[in-house]
Amino acid sequence: MKYIYSYIELTLTYYRSDAYDLITKVALPVPSGYSFKFLNTGHVRNQGWEVVLSATPVKTKLFEWNANINWARNRSKVIKVVDGNPNVQLLKSSNVSIMLEEGMPYGVIRGRAWKRDDQGRKLVDSSGKILVTDNTQYLGCAEPKWTGSFGSNFRIQNFTVSFLFDARIGGTLYSGTWNRATTAGVVAESAEGREGYYLSNVIYGESSAKATSGYQYPDAYFEDGTPCLLFVKPNNRYASFDERSVFDASYIKFRELSVAYSLPKSILKKLPISGLRLAVVGRNLAILHQNTPKGIDPEASSSSGNAQGIEYGGMPPVSSVGFDIKLTF
C-alpha cells in the first residue's frame, strides 16, 4: 500500500453585518381586527466567528480518510426597531411572545413566571396556589451560544462510509406541546401525588387545608418566608405560568450515516455509462443529548419565519432511511 499524502486546512472567519429596513411580520392585538402587519424594522447587527478545520490524515490508492469540524458563534443585537416603538411583538402563542427589543438579542422570549421573593425563592399563597407574575418576564432568547458539526468519511477501495454529527448549544425553547400535555395530565410526570390526593380528598374527605397526602412542592415558600409543607392538588403545580414549559434548546444529533458502493472501472468499461454509485442513507438517526422532554424535538418551531423559539404541536423526531442511485454518463 503506497502512502500518497495527508493535509490539514484551517479556515477562520470573523464577520459583522448590519441590516436595515428588514421586512418583519408583526403580530397585532386581537381587538384591532387584524392578525398581523408587515413593518420595515430599523437596524439589526450580527457579528461572530466561524472556524472550519478540514483534514485528510490518510490517503492511499485503497484507503482514504477525510474529516471536517465546523464551529460557529453568532451574536445579534437589535440597534433600532421603529421610530417611536422600541419593542415589537413578532409572534405570540397563548401568553408567550417573541419580541424584537432595542438593545437585546434578536428573538427575546417573554411570558409569565413563578413569582419569587428577593432571595429567588418560589412563592405560593396561603392555600398553596402558585403566585404568578405578569406576562412580560424575560424567559430567554432563541439564539444559541454556538453551533457545530463533525463529519467524516472513509473510502475502502470502492466502498465509502460517511457520517455527520451536529450540535446546538444554548438557546431557549418554549414548548406549547408540553404546556398542553401537562395541563391535561397525559404525561407521566403529572401522575406524581395523584393517587395520594384522591385518597385524602375523596376517600378520607379531608379538606385541602388539612390534606395528609397529595403533591408537595419541593421548593416553595409562603410570602412570609416560611416553607410551604401543604399537600396540594397535583394539577396545582401546572398553574398558568409559562416558565415551566421553557427549556434549554441544546442538542447533539447523529444527523446522517451513509454507506455507498461505486462500480469498479473494470466493469464500467463494458457498460454505456461512466459511473454508477449505490448508497443507503439514514438521516436524523438519534438525539444523543437534549434538555427538552423526550418526544419534543429541540429544533421544532411553530414558525418558519423570523420568529423562532416557540414550539406548539410539533411532530416528534423522525428518522428516515433512503436509497440513492447515481448514474454518470
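Residues numbered from 1 in each chain as written. Predicted model: local features only at pLDDT ≥ 70, side-chain atom pairs only at ≥ 80, totals over all residues. Heavy atoms only, no water.

A. Molecular detail of the packing of aromatic side chains. All chains considered together, the criterion is met by 12 aromatic pairs. The interplanar angle of 20° and the centroid separation of 4.7 Å between the aromatic rings of Phe 165 and Phe 254 together place this pair among those described as stacked. Taken together, the residues span a long stretch of sequence, with Phe 165 in strand β10 (residues 159-169) and Phe 254 in strand β14 (residues 251-262) at a distance of 89 residues. By relative accessible area, Phe 165 is classed as partly exposed at 26%. The exposure class assigned to Phe 254 is buried, which follows from its relative accessible area of 18%. Pairwise contacts between aromatic rings join Phe 63, Trp 65, Phe 150, Phe 154, Phe 163, Phe 165 and Phe 254 into one cluster. Stacked on the ring of Tyr 221, the Lys or Arg Arg 121 has its end atom at 4.5 Å from the ring centre. Positioned above the aromatic ring of Tyr 251 is the side chain of Lys 253, whose terminal nitrogen or guanidinium carbon lies 5.1 Å from the ring centre. (Phe/Tyr/Trp six-rings, centres within 6.5 Å; stacked < 30°, edge-to-face > 60°. Helix = DSSP H or I, 4+ residues; strand = E, 2+ residues; numbered from the N terminus. Buried < 20%, exposed > 50% of the residue type's maximum accessible area, 1.4 Å probe, protein only. Lys NZ or Arg CZ within 6 Å of the ring centre and 35° of its normal.)

B. Local environment of the sheet that holds strand β13 (residues 246-248). Overall, mixed pairing links the three strands, which are arranged β13-β11-β16 in an open sheet. A strand with exactly one partner marks an edge of an open sheet, and here the two such strands are β13 and β16 (310-311). Where strand β11 (residues 172-175) meets β13, three bridges bridge the pair, whose relative direction is antiparallel. Paired with Leu 173 across the strands is Phe 247, a residue of β13. (Pairing = 2+ DSSP bridges.)

C. Seen up close, the sheet that holds strand β8 (residues 137-141). Within the open sheet, the four strands sit side by side as β4-β5-β6-β8. Their pairing is antiparallel. Pairing within the sheet leaves two strands with one partner each, and these edge strands are β4 (87-93) and β8. Here the average twist between neighbouring strands, direction ignored, is 35°. As defined by bridge partners, strand β6 (residues 108-111) adjoins β8 across four bridges and the pair is classed as antiparallel. What sits directly across from Ile 109, in β8, is Gly 140. (Axes fitted to C-alpha atoms, helices over the stretch in contact; angles between N-to-C directions.)

D. A look at the nonpolar core. The biggest cluster of nonpolar side chains holds 16 residues, and the ones touching the most others in it are Val 81, Val 88, Ile 98 and Leu 100. Mapped onto this core, the elements with two or more residues apiece are β4 and β5 (96-101). Broken down by element, this core gets its largest block of residues, three residues, from β5. Setting aside chain neighbours within four positions, we find Val 88 in contact with Val 26, Leu 39, Val 81, Val 82, Ile 98, Met 99 and Leu 100. Within the second largest apolar cluster, 11 residues are counted, among which are Val 124, Tyr 217, Ala 220 and Val 232. (Core = buried A, V, L, I, M, F, W, Y, C linked by side-chain atoms within 4.5 Å. Contact = heavy atoms within 4.5 Å.)

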